[in-house]
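# Structural description and commentary
Listed here are the chains, written in short residue letters.
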Amino acid sequence: MRAFFSALGSFCSGLGSGCEHAGHTALLLADSIVRGFVPRQPLRALRRFIDQLYSQLVKSLLVVIIVGAFMGMILALQTGEELRNYGAEEQLAAIVAASMAREMGPFITAIILAATVGAAIAAELGTMRVSEEIDALELMNIDPVTFLVSPRILALGVSAVLLTVLVNVIGVLGGGVVAQAQFGIPLADFLEGARASLSEPVIFGSLSKDLYSGLVKSLVFGLMIGALACASGLRAHGGALGVGRAVRQSVVASVVITLIVGYLITWVFWVLLR
Amino acid sequence: MSDANVPKGTDDVLVRLTGVSKRFGEKVVLDGLDLAIPRGANVVIMGLSGTGKSVTLKCMCGMLNPDAGTVSVDGVQVNGASRKDLRRVRSKMGFVFQGAALINWLSARENVALPLREQGLKAREVDEIVDQRLDEVGLSDIGDKFPGELSGGMRKRVGFARAVATGPDLVLYDEPTTGLDPMTTRTIDELIVAGRDRYGATGVVVSHDVKSALRVADRIALLYEGRVAAFLTPDEFVASDHPVIRSFLDLDPADDGSGRRAP
Ligand SMILES: Nc1ncnc2c1ncn2[C@@H]1O[C@H](COP(=O)(O)OP(=O)(O)OP(=O)(O)O)[C@@H](O)[C@H]1O
Ligand SMILES: [Mg+2]
């Protein structure tokens, strides 16, 4: 009984600190976006943003390409086998393209970013926190949010969108290769089918809803992963052990929240705004 | 006791702590501490490990807020200060961290340049001052190295150059010589004295090291049981018969009564 209550107690206090962490993360995100759009020193802010964007893309590009290609290939293989039973192989391109654009592209990109860039950010800021570098910045009147957090979070939002576009393209290409090899669908036909399915219904200029909803999703994922990573890093304490804890916390929270928020956004786009 | 620690007249006091108390959970660290740092002097804070020396230093720069009492720097109350007041106080303050706390992805030069850029100086002026500061700490040839490529003593010297870069009125040192060899310790001590003589800065130095304390201090404050138990000139310190001071001086690890041993 006592064990139960102490477990309940630690669960509740865990929940409490989790809520506090979530609140802190949300504040950090809002703060970063505001400061990103109204920088005090625009040139320096832009430079920090571009540095971050570049290093984030370098860190994740290779993994994204490999995973994206295999994702498309698996989708095409699995779906193609099923479609062949109904003699509907000509639908394959549309299904692969829509799955990549709406769900798989943003999701895969987010998971990879959480594990590579997010983990790196949490480790970097966590190390800076435990070695008093963050304190040193504050004492020099350099605001850590402007200097460190804002460029990282905003760059991660942009990275996520750019990499999602790349994953979609590579995934569709991978799917096309499998379609030709396994189901005898010519690559050109497959790509034309994918293009046609992604070009309507059109909202916002030339973007179809499939593409548009996916890109909004990945922007949100990127910003959230960035905010979670920065918040975990800044709150690290207790030496190297604390840095490790911050990294784990950041990756776990990012993956879980990506799934939950992903579901919500899908619901908004495809149920609420149907 | 508070009167004994506070020199007469208010205008020659740069930092004043009055009745400062700070606890973490159950543990009372500072318990009504009074301390006045005279302008232009180097004051060394000594005390056993865990007596709250770092906490005292962090209260002076607004990194920690005391539970009770007031901390003022140059007439501005630091605890509970507005962001703007805190910025103003900190712009006249340098902090030398125990681990140097250099930003690890910036070169030594860029680290020293950080506070200067923040004050809005032009690139040319920044370069000039950085060259001069690195030269003063004897490191003009390692400016392009990163903190990870420097030895502990070199990092400390870069940290010192960064702390005094903007010509602050007050420099806080957290254990500047702990863990350094005697030669490097002497170099750092000379820098602390130079901080006072060359830049006219007031220094507050947290230290375990009696030899270096006697070299740099105008006054030595002994922190004991949450208060300043003695505030003495180096000569008075050497002659004191306070048991903790004796244990520091004799380098005899005498028992201080709490089961801990003096360093
Ligand atoms: N942020 C904090 N949270 C909880 N406890 C703290 C915190 N900072 C300091 N303490 C506690 O306050 C006490 C005094 O710490 P402080 O770092 O000031 O000691 P110190 O005199 O600098 O010792 P040392 O010579 O070992 O550096 C210690 O017992 C420490 O555990
Ligand atoms: Mg300390």
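Let me sum up the structure you'll find in this document. The shown structure was predicted, so the numbers you read here are calculated from the model rather than taken from an experiment. (Residues numbered from 1 in each chain as written. Chains lettered and ligands numbered in written order. Predicted model: local features only at pLDDT ≥ 70, side-chain atom pairs only at ≥ 80, totals over all residues. Heavy atoms only, no water.)

## Description of the overall build of chain A
What counts here: The secondary structure listing takes helices from DSSP runs of H or I that are at least 4 residues long and strands from runs of E that are at least 2 residues long, numbered from the N terminus. Three labels apply to residues, based on accessible area from a 1.4 Å probe with only protein chains included: buried if under 20% of the type maximum, exposed if over 50%, partly exposed otherwise in between. Any two residues whose heavy atoms approach within 4.5 Å at even a single point are treated as in contact.
The number of helices and strands found in chain A is eight helices and two strands. If you list the helices and strands of chain A from N to C, you get α-α-α-α-α-α-β-β-α-α. In terms of overall dimensions, chain A has C-alpha extents of about 65 × 60 × 35 Å along its principal axes. Within chain A, the fraction of its 274 residues that count as buried is 45%. When contacts within chain A are restricted to residue pairs at least 6 apart in sequence, long-range pairs at least 24 apart make up 81% of them.

## Some points on the interface of chain A and chain B
Put simply, an interface is often sized by how much accessible area is lost when its parts join up. Operational definition: Here's the idea: put two parts together, see how much 1.4 Å probe accessible area each one loses, and the total over both is what we call buried area. When a carboxyl oxygen of Asp or Glu lies within 4 Å of a side-chain nitrogen of Lys or Arg, that pair is called a salt bridge. Polar contact criterion, stated in full: a pair of N or O atoms within 3.5 Å, where within protein one must be able to donate a hydrogen and the other to accept it, and residues adjacent in sequence count only if both atoms are side-chain atoms.
Every contact between the two is made by 18 residues of chain A and, on the other side, 21 residues of chain B. For the pair chain A and chain B, the summed buried surface comes to about 1800 Å²; carbon and sulfur atoms form 58% of the total. The tally of links between chain A and chain B comes to zero salt bridges. The interface formed by chain A and chain B contains three residue pairs in polar contact (both at pLDDT 80 or more). Only helix 3 (92–130), helix 4 (133–139) and helix 5 (144–183) of chain A provide two or more residues apiece to the side of chain A that touches chain B.

## A word on the packing of helix 4 (residues 108–118) of chain B against helix 6 (residues 152–164) of chain B
The relative placement of two packed helices comes down to the angle between their axes together with the axis-to-axis distance. Residues and elements named next belong to chain B. Heads up, the rule is: Axis angles are defined between N-to-C directions and span 0 to 180 degrees, where every axis is a line fitted to C-alpha atoms and, for a helix, only to the segment in contact. Here the angle decides the label: under 35 degrees means roughly parallel, over 145 means roughly antiparallel, 65 to 115 means roughly perpendicular, and every other value means oblique. Each helix crossing is assigned a hand: it is left-handed if the near helix lies turned anticlockwise from the far helix by less than a right angle, otherwise right-handed if that turn is clockwise. For this scheme, ten residues count as nonpolar: Ala, Val, Leu, Ile, Met, Phe, Trp, Tyr, Cys and Pro. Four count as charged, namely Asp, Glu, Lys and Arg, and the remainder, Gly too, count as polar.
Helix 6 packs onto helix 4 with a crossing angle of 25° between their chain directions and a minimal axis gap of 7 Å. If you check the angle between helix 4 and helix 6, you find them roughly parallel. Crossing of helix 4 over helix 6 shows right-handed handedness. Contact residues: helix 4 offers Ala 108, Asn 111, Val 112 and Pro 115, while helix 6 offers Val 158, Ala 161 and Arg 162. Considering only residue class, the contact of helix 4 with helix 6 consists of five nonpolar, one polar and one charged.

## Let's talk about the site of ligand 1
Residues and elements named next belong to chain B. What counts here: Neighbouring residues are identified by heavy atoms, a residue being near a molecule or strand if any of them is within 4 Å of it. The protein chains shown are the only cover counted for residues, whose accessible areas, like all others here, come from Shrake-Rupley with a 1.4 Å probe.
Near ligand 1 there are 13 residues, and of these Lys 27, Ser 49, Gly 50, Lys 53 and Ser 54 occur at the shortest range. Within the contact set of ligand 1, an oxygen atom lies 2.8 Å away from a backbone nitrogen or oxygen of Gly 50. Within the backbone of Gly 52, an N or O atom sits 3.0 Å from an oxygen atom of ligand 1. Expressed as a share of its isolated accessible area of 630 Å², the protein-covered part of ligand 1 is 61%. Of all elements in the fold, only strand 2 (27–38) and helix 2 (53–60) reach the threshold of two or more residues within the shell around ligand 1. Considering each element in turn, the shell around ligand 1 owes the most residues, three residues, to helix 2. Each residue belonging to the shell around ligand 1 can be placed in one class, and the counts come to four nonpolar, six polar and three charged.

## Thoughts on a nonpolar patch on the surface
Residues and elements named next belong to chain A. Let me state the cut-off plainly: Patch definition: residues above 30% relative accessible area lacking any salt bridge, with like charges linked at up to 9 Å and the nonpolar side chains Val, Leu, Ile, Met, Phe, Trp and Tyr linked at up to 5 Å.
A contiguous nonpolar surface patch, about 1100 Å² in accessible area, is contributed by Val 252, Val 256, Ile 257, Leu 259, Ile 260, Tyr 263, Leu 264, Trp 267, Val 268, Val 271, Leu 272 and Leu 273. Relative to the helices and strands, Leu 264 resides in helix 8 (residues 239–272). On the accessibility criterion, Leu 264 (47% relative accessible area) is partly exposed.

## Concerning the sheet that holds strand 4 (residues 68–73) of chain B
All names here are of chain B. Put simply, the rule reads: Should DSSP find at least two bridges between two strands, the strands are regarded as paired.
Spatial ordering of the open sheet is given by 2-1-4-5, a layout of four strands whose pairing is antiparallel. Pairing within the sheet leaves two strands with one partner each, and these edge strands are strand 2 and strand 5 (76–77). Inspection of the sheet shows strand 4 paired to strand 5 by two bridges, in the antiparallel sense. Paired with Ser 72 across the strands is Gln 77, a residue of strand 5. Lying over the sheet, helix 2 contacts strand 1 (13–24), strand 2 and strand 4, oriented at roughly 60° with respect to strand 2.

## Things to note about the pattern of salt bridges
One pass over the full model with this rule turns up 17 salt bridges over all chains. Across the pair A:Arg102 and A:Asp210 runs a salt bridge, and its minimum N-O distance is 2.6 Å. On the criterion of sequence distance, the pair formed by A:Arg102 in helix 3 and A:Asp210 in helix 7 (residues 209–234) is long-range, its members being 108 residues apart. The partly exposed category is assigned to A:Arg102, whose relative accessible area is 29%. Put simply, B:Arg109, B:Asp127 and B:Asp131 are held in one network by salt bridges that share partners.

## Points about the packing of helix 3 of chain A against helix 5 of chain A
Residue and element names in this part refer to chain A. Viewed as axis vectors pointing N to C, helix 3 and helix 5 meet at an angle of 145°, and their least axial separation amounts to 7 Å. Crossing geometry of helix 3 relative to helix 5 is assigned as right-handed. For the contact of helix 3 with helix 5, the class distribution of residues is 19 nonpolar, six polar and two charged.

## Remarks on the packing of aromatic side chains
Selection criterion: In this analysis, rings of Phe, Tyr and Trp, with Trp reduced to its six-membered ring, are considered paired at centre separations within 6.5 Å, and the interplanar angle assigns stacked below 30 degrees, edge-to-face beyond 60, and tilted for intermediate values. Should the NZ of a Lys or the CZ of an Arg lie within 6 Å of a ring centre and within 35 degrees of the ring normal, that charge is described as sitting over the ring.
Within this structure, the stated rule accounts for four aromatic pairs over all chains. For the pair A:Phe147 and B:Trp105, a centre-to-centre distance of 5.8 Å together with 20° between the ring planes defines the contact as stacked. Highlighted residues: A:Phe147 in helix 5 and B:Trp105 in the loop between strand 6 (93–96) and helix 4, drawn from two different chains. A centroid spacing of 6.3 Å and a plane angle of 20° characterise the contact between B:Phe160 and B:Tyr173, whose relative ring orientation is stacked. Remark: B:Tyr173 occurs in strand 7 (residues 170–174) and B:Phe160 occurs in helix 6; sequence separation between them is 13 residues. Above the face of the A:Trp270 ring, A:Arg102 is positioned so that its terminal group lies 3.8 Å from the ring centre. Sitting over the ring of A:Trp270, A:Lys209 keeps its end group 4.7 Å from the ring centre.

## Here we look at the sheet that holds strand 9 (residues 219–224) of chain B
All names here are of chain B. As summarised here, the arrangement of the six strands in space is 6-7-8-3-9-10, forming an open sheet in which the pairing is mixed. Two strands close off the open sheet at either side, each with one partner strand: strand 6 and strand 10 (227–232). Put simply, the sheet's adjacent strands are angled 20° from each other on average, direction ignored. Note: strand 6 against strand 7, four bridges, orientation parallel. Each residue of the ladder has a partner; that of Met 93, found in strand 7, is Leu 170.

## Focus: helix 6 of chain B
Inclusion rule: Multiplying 1.5 Å by the residue count of a helix minus one yields the expected span of that helix.
For helix 6 of chain B, built from 13 residues, the straight-helix expectation of 18 Å at 1.5 Å per residue is met to within 8% by its first-to-last C-alpha distance of 19 Å. Burial analysis of helix 6 of chain B places ten of its 13 residues in the buried class, which makes it a mostly covered element. By the burial criterion, the buried members of helix 6 of chain B are B:Gly153, B:Lys156, B:Arg157, B:Val158, B:Gly159, B:Phe160, B:Ala161, B:Arg162, B:Ala163 and B:Val164. Check the buried side of helix 6 of chain B and you find it contacts helix 4 of chain A together with strand 6, helix 4, helix 5 (123–136), strand 7 and helix 7 (182–197) of chain B.

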